Every structure is written in C-alpha cells, then in structure tokens.
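Fold and geometry: a report
Residues per chain are reported as follows:
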Amino acid sequence: MQRFWIVALLLLTVLTAPLAIAQAVTPAPRQKTQAAPERDDDDDDDEKPTMATNANVPLTAPVITIKGLCDAPKTGATATKADCKTVITRSEFEKLANSLQPGMPPQVRKQLASAYPRLLVMSKEAQKRGLDKDPHYLETLKFAKLQILNQELTRKMQEDAAKVPQADIEAYYKNNVAAFEQAAVQRVFVPKTKKVESKDTASEEYKAQNKEGEDAMTKEADDLRARAAAGEDFDKLQKEAYEAAGIPNNPPATSIPKVRRSNLPPTHASVFDLKAGDVSPVIHDPSGSFFYKVQSKTMPPLSEVQDEIKTTMQSQRMRDMQQKLQASVSTDLNDAYFNGNPAPPAGAPKLRDAPVTTPDSKATPPAKPTAQQ
C-alpha cells in the first residue's frame with residue numbers, strides 16, 4: 001500500500017506539466033471534406049484498417065513489459081534472466097491512467113507509459129535500501145495521503161454538487177426572472193469632455209479648457225437625448241456626439257441586439273425598468289454620458305438557460321458543502337511560535353555571539369575558546 005501511494009505521488013509530479021499542456025491544447029476544428037463517391041458493397045472487403053486501435057487490444061493483453069524487474073526472481077538451475085519481468089496489462093494501465101486523469105489524452109498516456117517503468121525501478125531500488133522505512137519518507141507519505149484524500153473528497157463533492165434536481169432548476173428560473181430577461185437596445189455614448197489642445201495637463205489653461213469642455217459635452221448629451229426621445233436616428237446622434245467632442249475616430253455601434261441586466265454596469269441596470277420604445281435619462285459615468293432606447297424585451301424559455309442555471313447551482317452547492325465542512329472546525333495558531341524567529345533544529349549547535357561594533361571602536365572579536373570549551 002505504501003508503494004502505491006508514493007508511486008502515485010511521483011507520477012502526479014512527473015506528469016503535472018504534460019497534463020497541463022495537454023488540457024490547454026484545443027483541437028482544431030475538423031475541416032469539411034468532399035463526400036466520397038459511392039462504392040459497391042463488394043469493395044468493402046478490400047478496405048482494411050492501417051493501424052490497430054485501442055479497442056483491438058484485449059484487456060488482458062500486456063501493454064508494458066519491464067524486463068529485469070520482478071519482486072522475487074526465480075532461483076535454481078532452470079532460472080534465466082528472462083524469467084524476471086513485470087507485466088502490466090491494458091486493464092491495469094487504464095485503471096491507473098483513469099485514476100490520475102479521467103479521459104487522459106492518448107499522447108499523455110504515452111508519456112505515462114514511458115515514465116511508469118522508470119518510477120517502478122527507482123521505487124524497487126528504494127525499497128531494497130530500506131528507504132520505505134525512513135522517517136523522512138514516512139512523513140512525506142503521510143502528507144501525500146492528506147493531499148490525495150483531499151483531491152478524492154473534492155472530486156466526490158463535485159459529483160454530488162452536479163446532481164441538481166430538475167425541480168430546483170425550475171424554481172431557480174421562476175425566482176430569478178429579472179436575471180434572465182433580455183433586451184434589444186440602442187445606446188449613444190457622449191465623451192466626457194472635448195479634445196483639449198493644451199498638452200500641459202498641470203497648467204491652469206488645460207484645466208480651464210477641460211472644465212469648459214466637460215460643461216459643453218454635458219449639455220450636448222442632454223440635447224442629443226431630447227432629440228432621441230423625439231425619434232431621431234441613434235447612429236446619426238452618435239456621430240454628432242463624436243464630432244462635438246472633436247474625436248476623429250469612428251464612433252461605436254449603437255445597436256446591442258441582446259443584453260441582460262447583469263451585462264450592463266450597475267448604474268445602467270435601470271434601463272431594464274423601461275418599457276419598449278422608452279428612452280432612458282442621461283446616465284453620467286467617469287468616461288462620459290450614456291442614454292439608451294429599449295427596442296424590445298424578451299424572456300428566454302427554460303430550455304435555453306437550463307444548462308446555465310445548472311452550472312450556477314452546481315457551483316453554489318459546491319461552495320455550500322465546502323463552507324459547511326470547514327465551519328465544523330476551528331483552528332488556533334500559536335502566535336509565539338509562528339510569528340517569532342525560526343527556532344534552530346533540535347540538537348543543532350548553538351551559534352556564538354557576533355562581534356560587537358561601536359561607532360568609536362573596531363569590532364570586538366569573540367573570546368578565544370579555552371581547552372575546556
């Protein structure tokens with residue numbers, strides 16, 4: 001059992017980087033290919049696979065054979081070096097791979113297969129040297145067990161958290177209608193101030209021009225909003241807002257075809273209180289001023305947001321389980337120990353006093369040791 005834990009820990013260490021790389025790689029989308037011409041049924045017998053797949057390998061077939069490594073080499077006149085070997089079947093290897101990473105990619109499985117024999121050889125040699133009884137090993141193993149058990153519990157809690165009852169999903173949908181309501185809106189952004197010619201931002205001239213520009217653009221926002229409420233085109237109003245600010249860049253698009261309350265800044269969320277056709281008051285932000293026009297409001301069906309609700313509830317259930325578990329205990333730390341200077345290891349020789357240096361004297365050397373010392 002001890003051998004299993006330490007080998008598993010070493011495997012996790014060796015494979016951490018490759019696993020992270022493998023998980024980060026997103027397979028390229030499969031390109032569409034031209035349909036193959038129809039063939040007669042008689043031609044199927046001529047088509048044979050060029051490479052065996054994993055399914056062609058029996059579960060009892062050896063997939064890794066380590067020659068020269070065995071628990072108890074045979075003795076006697078008939079014993080040969082070939083008799084000493086360790087064989088790992090497909091079933092045994094897949095059990096190990098799935099315990100380390102369910103759905104492990106093929107390229108990472110190959111890396112595991114290359115690393116595993118080396119670890120077994122090192123582990124066997126360590127046992128021969130009695131390192132599996134060494135205090136350092138036993139303490140490391142004890143902590144490794146804590147880490148692995150923590151990972152196993154987290155995995156099990158995630159599985160339990162994912163079992164969200166359908167009734168709970170439906171109740172969440174009904175109780176959070178505002179969170180899922182969608183709107184199609186138009187928006188005009190009016191920059192905060194006009195473009196200032198002065199480059200010295202600390203000068204009084206710059207400050208005066210900036211303040212004058214802010215006042216002018218605030219009035220501009222109010223005028224544009226009044227014209228929007230009268231039915232003028234939002235794209236035209238947005239273009240005029242940028243021209244008034246002296247910004248040569250192309251203005252932003254005014255149409256937002258689908259947005260939720262949570263997608264807007266908190267100070268803009270009141271837009272969802274409007275009815276279709278209404279224009280909002282001017283909303284002032286540090287970057288400038290905004291106003292909206294609600295074109296339509298819709299409520300997506302449960303089927304469209306069910307997966308989103310389940311993910312949200314799964315995360316909440318997981319947090320609740322973790323908080324409940326951690327709240328069942330309390331911890332006190334010895335501040336005198338953890339906030340003080342590290343104590344020397346037990347049995348370590350005491351350090352001699354450092355030489356004392358004063359402003360008016362040279363360093364005083366430590367006393368010479370006597371014969372008794």
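Refer to the preceding data block for the structure.
Figured I'd write up the structure that's included with this text. Only a predicted model underlies this, so the values are computations on that prediction, with no experimental measurement involved. (Residues numbered from 1 in each chain as written. Predicted model: local features only at pLDDT ≥ 70, side-chain atom pairs only at ≥ 80, totals over all residues. Heavy atoms only, no water.)

We now examine helix α8 (residues 234-245). Look at α8: 17 Å from first C-alpha to last across twelve residues, which is about the 16 Å you get at 1.5 Å a residue. Elements in contact with the buried residues of α8: β3 (182-191), α7 (204-229) and β6 (288-298). With a side-chain oxygen lying 3.1 Å from the backbone nitrogen of Asp235, the N-terminal cap of α8 falls on Asp233. Positive phi shows up at Gly246, right after α8, with a value of about 75°. (Helix = DSSP H or I, 4+ residues; strand = E, 2+ residues; numbered from the N terminus. Expected span 1.5 Å × (residues − 1). Contact = heavy atoms within 4.5 Å. Polar contact = N/O pair within 3.5 Å; in protein donor to acceptor, adjacent residues only side chain to side chain.)

With that settled, the discussion passes to the state of the cysteines. Per the stated rule, a full pass over the model turns up one disulfide. Disulfide partner of Cys70: Cys84, at an S-S distance of 2.0 Å. Taking the sign of the S-S torsion, -105° for the link of Cys70 and Cys84, the bridge is left-handed. Residue Cys70 is located in the loop between β1 (62-67) and β2 (85-89), and its partner Cys84 is located in the loop between β1 and β2; the two are separated by 14 residues in the primary sequence. The same class applies to Cys70 as to Cys84, namely buried. (Disulfide = S-S within 2.5 Å. Buried < 20%, exposed > 50% of the residue type's maximum accessible area, 1.4 Å probe, protein only.)

What the four strands build is an open sheet, ordered β4-β3-β6-β5; its pairing is antiparallel. Edge positions in the open sheet fall to β4 (255-260) and β5 (283-285), since each of these has one partner strand only. Within this sheet the neighbouring strands show an average axis-to-axis angle of 40°, counted without direction. Looking at chain direction, β3 and β4 are connected through four bridges and run antiparallel. Looking across to β4, one finds that Ala183 is bridged to Val259. Packing of α7 onto the sheet brings it into contact with β3, β5 and β6, and relative to β6 it is tilted by some 20°. Relative to β3, α8 is tilted by about 25°, and along the sheet it contacts β3 and β6. (Pairing = 2+ DSSP bridges. Axes fitted to C-alpha atoms, helices over the stretch in contact; angles between N-to-C directions.)

To continue, consider the packing of helix α5 (residues 166-175) against helix α9 (residues 302-327). Where α5 meets α9, the closest approach of the two axes is 10 Å, and the angle between their N-to-C directions is 105°. If you check the angle between α5 and α9, you find them roughly perpendicular. Mapping the contact onto sequence places Gln166, Asp168, Ile169, Glu170, Tyr172 and Tyr173 in α5 and Leu302, Val305, Gln306, Ile309, Lys310, Thr312 and Met313 in α9. Here the contact of α5 with α9 is built from residues that sort into seven nonpolar, three polar and three charged. (Parallel < 35°, antiparallel > 145°, perpendicular 65-115°, else oblique. Nonpolar A, V, L, I, M, F, W, Y, C, P; charged D, E, K, R; others polar.)

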